[in-house]
Amino acid sequence: ILVIAKQNSLYLGYGTTFDEFRFIRHKLATRGVISDRGWTTWGGRFIYAASDGIYMVGPDDFTELSVGIKDLYLAISDKTTIAAGSYRYQVWFAYKQTGSGVNNNVLVLDLKKGVWSKYTSINARVFWRDIDGTLYSGVYVLATTTKILKHEDTTQDEGAAITYKYQSPDLDFGDWTRDNI
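Since we're looking at a predicted model, the values are computed, not measured. Every chain begins its residue count from 1, and numbering advances along the sequence as written. With pLDDT at 70 or above as the cut-off, local features in this predicted model cover only qualifying residues; side-chain atom pairs require 80 or more to be listed or tallied, and sums for whole chains, interfaces and linings still use all residues. Side-chain numbers here rest on the full set of heavy atoms in the structure, without hydrogens or water.

## Looking at the overall build of the protein
Across its full length, the protein holds one helix and 15 strands. When accessible area is computed with a 1.4 Å probe and restricted to protein chains, residues below 20% of their type maximum are described as buried, those above 50% as exposed, and intermediate ones as partly exposed. Taking all 181 residues of the protein together, the buried fraction comes to 42%. Here a helix means four or more residues in a row that DSSP labels H or I, a strand means two or more in a row labelled E, and each is numbered from the N terminus.

## Topic: the packing of aromatic side chains
Classification of ring pairs rests on two measures: the distance between centres of Phe, Tyr or Trp rings, Trp counted by its six-membered ring, which must be within 6.5 Å, and the angle between planes, read as stacked under 30 degrees, edge-to-face over 60 and tilted in between. Taken as a whole and judged by the stated rule, the model has eight aromatic pairs. On the numbers, 5.2 Å between centres and 25° between planes, the contact of Tyr55 with Phe62 is stacked. The two residues Tyr55 and Phe62 agree in class, both being buried. Aromatic side chains Trp92 and Phe127 sit 6.1 Å apart centroid to centroid with 65° between the ring planes, which places their arrangement in the edge-to-face category. Of the two residues, Trp92 sits in strand 9 (residues 90–96) while Phe127 sits in strand 12 (residues 126–129), which places them 35 residues apart along the sequence. In this structure, Trp92 and Phe127 share a single accessibility class: buried. Cluster of aromatic residues (ring-pair linked, three or more members): Trp39, Phe46, Tyr48, Tyr55 and Phe62. Between the NZ or CZ atom of Lys112 and the centre of the ring of Tyr89, over which it lies, the distance is 4.0 Å. By definition, being over a ring means that NZ of Lys or CZ of Arg is both within 6 Å of the ring centre and within 35 degrees of the ring normal.

## Describing the confidence of the model for the protein
In predicted models, pLDDT denotes the confidence assigned by the predictor to each residue on a 0 to 100 scale. Summing up the model confidence of the protein, the mean pLDDT is 78 and the portion of residues at 70 or higher is 68%. Model confidence for the protein, summarised as mean pLDDT per element, is weakest for strand 3 (residues 22–25) at 57 and strongest for helix 1 (residues 70–74) at 96.

## Brief notes about the pairing of strand 5 (residues 45–49)
Burial within strand 5 is extensive, with four of its five residues counted as buried. What sits between the antiparallel neighbours strand 4 (residues 39–42) and strand 5 is a turn of two residues, in which Gly43 has the positive phi angle 55°. Strand pairing requires that DSSP identify at least two bridges connecting the strands. A loop of four residues connects strand 5 with strand 6 (residues 54–57), the two strands running antiparallel in sequence.

## Re the pairing of strand 8 (residues 83–87)
Counting buried positions over the five residues of strand 8 gives five, a clear majority of the element. The loop that links strand 8 with its antiparallel partner strand 9 comprises two residues; one of these, Arg88, has a positive phi angle of about 50°.

## Thoughts on the pattern of salt bridges
When a carboxyl oxygen of Asp or Glu lies within 4 Å of a side-chain nitrogen of Lys or Arg, that pair is called a salt bridge. The final tally for this structure, using the stated rule, is three salt bridges. Measuring nitrogen to oxygen at the nearest pair gives 3.3 Å for the salt bridge that ties Arg37 to Asp36. The salt bridge partner of Asp78 is Lys96, with a shortest N-O separation of 3.1 Å. Taken together, the positions of Asp78 in the loop between helix 1 and strand 8 and Lys96 in strand 9 put the pair 18 residues apart, joining distant regions of the chain. What makes Lys96 buried here is its relative accessible area of 17%.

## Quick word on the nonpolar core
We call a set of buried Ala, Val, Leu, Ile, Met, Phe, Trp, Tyr and Cys residues a nonpolar core when their side-chain atoms join them within 4.5 Å. In this structure, Ile47, Ile54, Leu65, Tyr73, Ile82, Phe93 and Trp116 are the most contacted members of the largest nonpolar core, which totals 17 residues. Element by element, the count of residues in this core is highest for strand 9, at three residues. We call two residues in contact whenever any of their non-hydrogen atoms come within 4.5 Å of each other. Dropping the residues within four chain positions of it, Ile82 is found in contact with Ile34, Ser35, Arg37, Gly38, Ala49, Tyr73, Phe93, Ala94, Tyr95 and Asn103. With eleven residues, the next largest nonpolar core counts Ala83, Tyr87, Ala94 and Val106 among its residues.

## Quick notes on the sheet that holds strand 4
The strand order 4-5-6-7 describes an open sheet built from four strands, whose pairing is antiparallel. For this open sheet the edge positions go to strand 4 and strand 7 (62–64), each flanked by a neighbour on one side alone. Across this sheet, the average inter-strand angle for adjacent strands is 20°, counted without regard to direction. With three bridges connecting them, strand 6 and strand 7 associate as antiparallel partners. Its bridge partner lying in strand 7, Met56 is registered against Thr63. For helices, the fitted axis covers only the stretch in contact; all axes are lines through C-alpha atoms, and the angles between them, taken along N-to-C directions, range from 0 to 180 degrees.

In structure tokens, the structure reads:
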């Protein structure tokens, strides 16, 4: 699946060969991705935060996941900093509480059970999943501090480094003016 996501539209392409590849505009194309980090993948599906909800899309389906937390989601005043990640059978969405300078709340959906949870003590500007499935998050705080959290066992890099090497052209932890790690 090829997903082209814009703020106000979503396009899908899929196929197994070049000749068979089809490019379609999804039937609910007015629901685009609200932030550059507000999407993740899980089980061959594209899951993303839009202005009016959280959605999961595949080649043959389109589902709103946020029905059970609709009022809470709509009350988020600044959705442009939402960050998404996936871990095992969960999808995580970090967002800013009104008046906060960083994403300091996380909504987690257990996709097997269909149950939402809310965490208020995790600061996360970006999520990424290691090749072994471990979920990490990072946040840029103040002028010189970048913090990393390993969600598998809640290891964090405050006081002692997490042994990890990661190269990416696009993980800037919320400050595009800094060198990427």
